[in-house]
Amino acid sequence: MVGHGLQLDSKCCSSTNCRHFLILGLMFAFYSTPSSQASTELCTPLISSKYQHCGHQQDGVHGLKCFGKHKKSHHLKCVWKPGNHSSEKIYTLLLIQGTKDVYCKIHYNITEYNKEINKSFRNKNDNMTVTVFENSQSENCTKDIFRGLPQNLLRCGPPHNASFSRNKKLSMNVSWNKDDANSIRNFFVRYKALGSLDWHKSYVTSLNRSTAIVENLNSSLVYIAQIQCVTNNKCTQCPWSETYTVSSELTEKPVIVSFKDVDIAEKGCHLIFITWKFSSTELFDGYHVTVGKVSGESPQEQINTSRPQITLILSGSAYHINISAVNNVSISPAVSLTIPARERTRGAGGGKLNVTVQSSSSVTISWEDDLIKKYVCFSVDWKQKGQSPRYKSFYQGSQNYKKLELSESLEPYSRYSLTLHTRPDKDTCNMKRVNNSESTYGTTQFYFTEGSPRSAPRNISSYNVTQNSVVLQWLSIPEEEIRGFLQGYIISYAEYHNNGTSAEKNITVDPDLHSYELGDLKSGTEYQVQICGFTTAGAGVRSAPDFFKTVQEAGFHWVGIIIPFALVVTVLIGTPFIKRAKAVLLPSIPNPGNSSALQKSDGRCEMELLDTIRTLIVEEWETKSLQIVEREAAVPASTLPSMFPLLCGSKEDENSQEMTCNWIQTDIDDPSEDILPDRTTVLSLDTQQTALQSSPFAFPSGYTTIEMFQQGIPQGVTANRVPTTVVEEEPEDTDVTAVKAGFDYMRQFSTSPDQNSEQINVL
């Protein structure tokens, strides 16, 4: 044991040689002090005894591996992982190869965790031992050892870069270091779901050295993947790469929340404000917004943003906008927007832009403003309606017109629109970017060859027809049927008769009108009307004839006069005629108030009579009986004409003006009397209906004069016959007439069971 416990192995040398090596080793260890700079020098195997105090520890240096490359067969690279003993770490690397002709090389003061050694070994078939010491001068020195055969230390990989994409399957694109690219032919892929402990049971072999496809994955899961090259004679070592995290696949589109388009006419552009949202359940890193012209002019600009909104400044051309969410492996389906071109009518831009057609494949465009003072780069878009636009950029720095050769021939009778843009860049007239790259100067329309309209206005109708006017209405001609710029409409109309039409008249109206009032027409006349459009090439096809008839003037005035006249005549002449006819056809009914008997009675007697009448009226409410109130002596029929006074009997003095009323009335309400008094006769209404129907005492009206009554009494009937018995039978119908002396009128009433009503007569 010498110094730090250096011990020589007797198996390695003879006694003489060992002494020489010992002396040399001691001299080397004594005189040599490692410098602060990394250094390399040859050594003898005895040098390893200097580091016998260094040992293996779990928290010391570890993971030492050495490998080489196929193209650099004598170069070796060793890598290791540091320990945890101190923050400042200095490493020493010792390489010993061979048994007979020993090769020893030592490297001092290494501060990194790897070391590349040039010409590190002599023979590929000799075993090699590499030892790394961490802080060799410290008592806490640790070490790690690697042994191997140089010919088996040819390593390839891991990959330099790997990219992944998911679209129902996982695609990998792998790139290798330049030294390994030609040595690797294929690679393996292993994978597992995030959080899973076990790798998938089978590895996936790549299609070639750079591409692999993994199928049958769940699009909503996150996966962990590793890559390893396939070993061969040039790649004897193929370590697994670090783990790659493959995010889930994005399967949903963003959703547009708001869209706003603001025109900035003075600058020839418009502002586009777009906001959107995306499902929060899917992991994503941001958004890709792709903007490009519909014409296909490059470039197609891609704008990356982490916020769900964007503001664009675009010219008057048509644009496509696609918005997608992205992560490290997938791009979601895009939500697409198409910004239409700013369509303007003919002469847009204040008539500043004009097109002159030279031939079917060339046009000359001109502008009025002196734009060349500010711009020298221009671009034009032109298109046929319903077709994709074409484009052409050009340089013009001296004149305000440009002749353009078109890529496709123009078609006759087809309308084209052309838009001129200005570009601020002068180094190139090609568009460098899309957003805020150009301004629109103006738009105009043109035809290669114009023709007349091949169809007529549609749905011609007439309304508000009067005696001498009518309003016509129609729908415009479709643009593709006009075949030119519409200059107006021609309205042709004429009187229509059975034997033909009269001379035709034509009226021309503006192309923007779709209704017109025809005047100076004849009343009560039928007309035929047709409408057609016309261009600079002439009039087009006429519409089918439409007919209308004006209002008849005479019929209108006679009706207005005859009806009021007839009403006046009816009122003036008809009223007296109706009164006279009523007097002739309808007999007058005598008024009881005009009776002489009533006129002779005084007021006192009149009041008594009214009281009696009220009593009779009340008693008439009994519909099953009849009461007759009479004087004490019945008046014979022969003396009826002489009995003029009706209600009151006179005293002995006939000339006396005072009359007394002496009435006897039987109280039928007295329950003690079963038989009425002799002077009062109560006749039951319950007589047989057959007898009443043939009774001579039935009169046609409610009131009957004495003369009519006398005429109605048969001669065989005794007038003074007074019934003394009460008829108890109740016939179905009753109609009784009673005659009393001293009455100018008689009253009769009856009850009909069929009609449940009363008929009353007073005599």
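Residues numbered from 1 in each chain as written. Predicted model: local features only at pLDDT ≥ 70, side-chain atom pairs only at ≥ 80, totals over all residues. Heavy atoms only, no water.

**Structural notes on the overall build of the protein**
Applicable threshold: Secondary structure counts use DSSP, requiring at least four H or I residues in a row for a helix and at least two E residues in a row for a strand, with both numbered from the N terminus. Using a 1.4 Å probe on the protein chains alone, a residue whose accessible area is under 20% of its type maximum counts as buried, one over 50% counts as exposed, and one in between counts as partly exposed. Working rule for contacts: check all heavy atoms of both residues, and any pair within 4.5 Å makes them a contact. Each accessible area is a Shrake-Rupley result for a 1.4 Å probe, and residues are judged covered by the shown protein chains and nothing else.
On a plain count of helices and strands, the protein comes out with eight helices and 43 strands. In the protein, which comprises 763 residues, the proportion classed as buried is 38%. Taking all contacts inside the protein whose residues are at least 6 apart in sequence as the whole, residues at least 24 apart take part in 65%. Only carbon and sulfur atoms are counted for the fraction: they give 50% of the accessible area of the protein, which is about 44700 Å².

**Here we look at the nonpolar core**
The condition is simple: As used here, the term nonpolar core means buried Ala, Val, Leu, Ile, Met, Phe, Trp, Tyr and Cys residues forming a set that is joined through side-chain atoms within 4.5 Å.
Ranked by size, the top nonpolar core spans 24 residues in total, and within it Phe164, Met172 and Val214 carry the most contacts. Secondary-structure elements contributing two or more residues to this core are strand S9 (161-166), strand S10 (170-175), strand S11 (187-193), strand S13 (211-214), strand S14 (223-229) and strand S15 (244-246). In terms of residues, this core owes the most to one element, S14, which gives four residues. Counting residues in hydrophobic clusters, the runner-up holds 21 residues, among them Ile272, Ile274, Trp276 and Ile321.

**What about the packing of aromatic side chains?**
How we decide: Any pair of Phe, Tyr and Trp rings, taking the six-membered ring for Trp, is counted once the centres come within 6.5 Å. Such a pair is stacked with planes under 30 degrees apart, edge-to-face with planes over 60 apart, and tilted for the rest. Two conditions define a charge located above a ring, namely a distance within 6 Å from the ring centre to NZ of Lys or CZ of Arg, and an angle within 35 degrees of the ring normal.
This structure, assessed with the given rule, holds 19 aromatic pairs. Note on Phe278 and Phe284: the rings are 5.1 Å apart at their centroids and 80° apart in plane angle, and the pair reads as edge-to-face. We classify Phe278 as buried; its relative accessible area is 12%. Site record: aromatic cluster; members linked through ring pairs are Trp276, Phe278, Phe284 and Tyr287. Geometry around Trp199 places Arg190 over its ring, the cationic atom sitting 4.5 Å from the centre. Over the ring of Trp240 we find Arg190, and its NZ or CZ is 4.2 Å from the ring centre.

**A short note on the pattern of salt bridges**
The condition that has to hold: Think of a salt bridge as a Lys or Arg side-chain nitrogen and an Asp or Glu carboxyl oxygen that are within 4 Å of each other.
Taken as a whole and judged by the stated rule, the model has 15 salt bridges. Between Glu479 and Arg415 there is a salt bridge, with its nearest N and O atoms 3.6 Å apart. Of this pair, Glu479 sits in helix H3 (residues 479-482) while Arg415 is found in strand S28 (residues 415-423), placing the two residues 64 residues apart along the sequence. Overall, the relative accessible area of 28% leaves Glu479 in the partly exposed class. Given a relative accessible area of 16%, Arg415 falls into the buried group. Here Glu438 ties to Arg423 by a salt bridge, and the two come within 2.9 Å at their closest N and O atoms. With Glu438 in the loop between S28 and strand S29 (439-447) and Arg423 in strand S28, this pair connects stretches of sequence that are 15 residues apart. Among the ionic contacts, a cluster of salt bridges with common partners joins Lys293, Glu297, Asp381, Arg423 and Glu438.

**Some words on the sheet that holds strand S1 (residues 39-42)**
Test applied: When DSSP finds two or more bridges between two strands, those strands count as paired. Angular values range over 0 to 180 degrees, each being the angle between N-to-C directions of two axes fitted as lines to C-alpha atoms, with helices fitted over their stretch in contact.
Taken in spatial order, the five strands of this open sheet run S1-S5-S4-S7-S8, and their pairing is antiparallel. Both outer strands of the open sheet, S1 and strand S8 (142-148), are each paired with one neighbouring strand and no more. When the angles between neighbouring strand axes are averaged without regard to direction, this sheet yields 15°. Where strand S4 (residues 91-97) meets strand S7 (residues 128-134), seven bridges bridge the pair, whose relative direction is antiparallel. The residue bridging Leu93 from the neighbouring strand is Val132, located in S7.

**Considering the environment of Ile264**
Note that Ile264 resides in strand S16 (residues 255-264). With a relative accessible area of 17%, Ile264 lands in the buried category.

**Some remarks on the sheet that holds strand S17 (residues 269-277)**
Reading across from one edge, S16-S17-S20 is the order of the three strands in this open sheet, with antiparallel pairing throughout. With partners counted over all chains shown, the strands left at the sheet margins are S16 and strand S20 (309-314), one partner each. Ignoring which end each strand starts from, the neighbouring axes of this sheet average 15° apart.

**What to know about the state of the cysteines**
To keep it simple, the criterion reads: The disulfide criterion is simple: two cysteine sulfur atoms within 2.5 Å.
Here the structure, examined in full by the defined rule, presents five disulfides. Each sulfur in the disulfide pair Cys54 and Cys141 lies 1.7 Å from the other. Judged by the torsion about the S-S bond (100°), the Cys54/Cys141 disulfide is right-handed. Remark: Cys141 occurs in the loop between S7 and S8 and Cys54 occurs in the loop between S1 and strand S2 (62-67); sequence separation between them is 87 residues. Since its relative accessible area comes to 4%, Cys54 is described here as buried. What makes Cys141 buried here is its relative accessible area of 1%. Paired by a disulfide, Cys377 and Cys429 hold their sulfur atoms 2.2 Å apart. Its S-S torsion of approximately -75° makes the covalent link between Cys377 and Cys429 left-handed. Here Cys377 is found in strand S25 (residues 377-384), whereas its partner Cys429 is found in the loop between S28 and S29, with 52 residues between them in sequence. The class of Cys429 is buried, set by a relative accessible area of 14%.

**Observations concerning unusual backbone geometry**
Here Gly157 and Pro158 are connected by a cis peptide whose omega angle stands at 0°. You can see Pro158 is positioned in the loop between S8 and S9. Pro299 follows Ser298 through a cis peptide bond whose omega is 0°. Its place among the elements puts Pro299 in the loop between strand S18 (286-293) and strand S19 (301-305). We note that Arg483 has phi near 65°; this positive angle belongs to a residue other than glycine. Relative to the helices and strands, Arg483 is located in the loop between H3 and strand S32 (488-497).

**Some thoughts on the pairing of S13**
Residue alternation in S13 divides its side chains into a buried set, Ala212 and Val214, and an unburied set, Thr211 and Ile213. By the bridge criterion, four bridges tie S10 to S13 in an arrangement that is antiparallel. Counted as the bridge partner of Asn173 is Thr211 from S13.

**With respect to the side chain of Arg483**
Worth spelling out the cut-off: Just so you know, the count uses Lys and Arg for positive and Asp and Glu for negative, and it drops His and the chain ends. Counted as a polar contact is a pair of N or O atoms within 3.5 Å, where, for protein atoms, one must be capable of donating a hydrogen and the other of accepting one, and residues adjacent in sequence contribute only when both atoms are in side chains.
Summary of buried charges: Arg483 has no salt-bridge partner, and the nearest side chain of opposite charge, Glu481, is 7.0 Å away. Polar side-chain contacts of Arg483 include one of 3.1 Å to the backbone oxygen of Ser452.

**Thoughts on the confidence of the model for the protein**
Here is the rule we go by: By definition, pLDDT measures how confident the predictor is in each residue, and it falls between 0 and 100.
Mean pLDDT for the protein: 76, with 68% of residues reaching 70 or above. Within the protein, the element-level pLDDT minimum falls on strand S40 (residues 681-684), averaging 36, and the maximum on strand S21 (residues 319-326), averaging 96. Confidence over residues 1-36 falls short of pLDDT 50; this stretch has 24 contacts with residues more than four positions distant or in other chains. Low pLDDT, under 50, characterises residues 345-349; the predicted model gives this stretch six contacts beyond four residues in sequence or across chains.

**Topic: a nonpolar patch on the surface**
The condition is simple: The patches reported here contain residues having more than 30% relative accessible area and no salt bridge. Joining distances are 9 Å for like charges and 5 Å for nonpolar side chains (Val, Leu, Ile, Met, Phe, Trp, Tyr).
A contiguous nonpolar surface patch, about 610 Å² in accessible area, is contributed by Phe565, Val568, Val569, Val571, Leu572 and Ile573. Secondary-structure assignment places Val568 in helix H4 (residues 553-585). Looking at Val568, the relative accessible area reads 45%, which means it is partly exposed.

**Focus on the side chain of Thr142**
On the secondary structure map, Thr142 appears in strand S8. Given the relative accessible area of 0%, Thr142 is considered buried. Of the polar contacts made by the side chain of Thr142, one reaches the backbone nitrogen of Val61; its length is 3.3 Å. Among residues more than four places away in sequence, those in contact with Thr142 are Cys54, Gly55, Gln57, Gly60, Val61, His85, Val132, Phe133 and Glu134.

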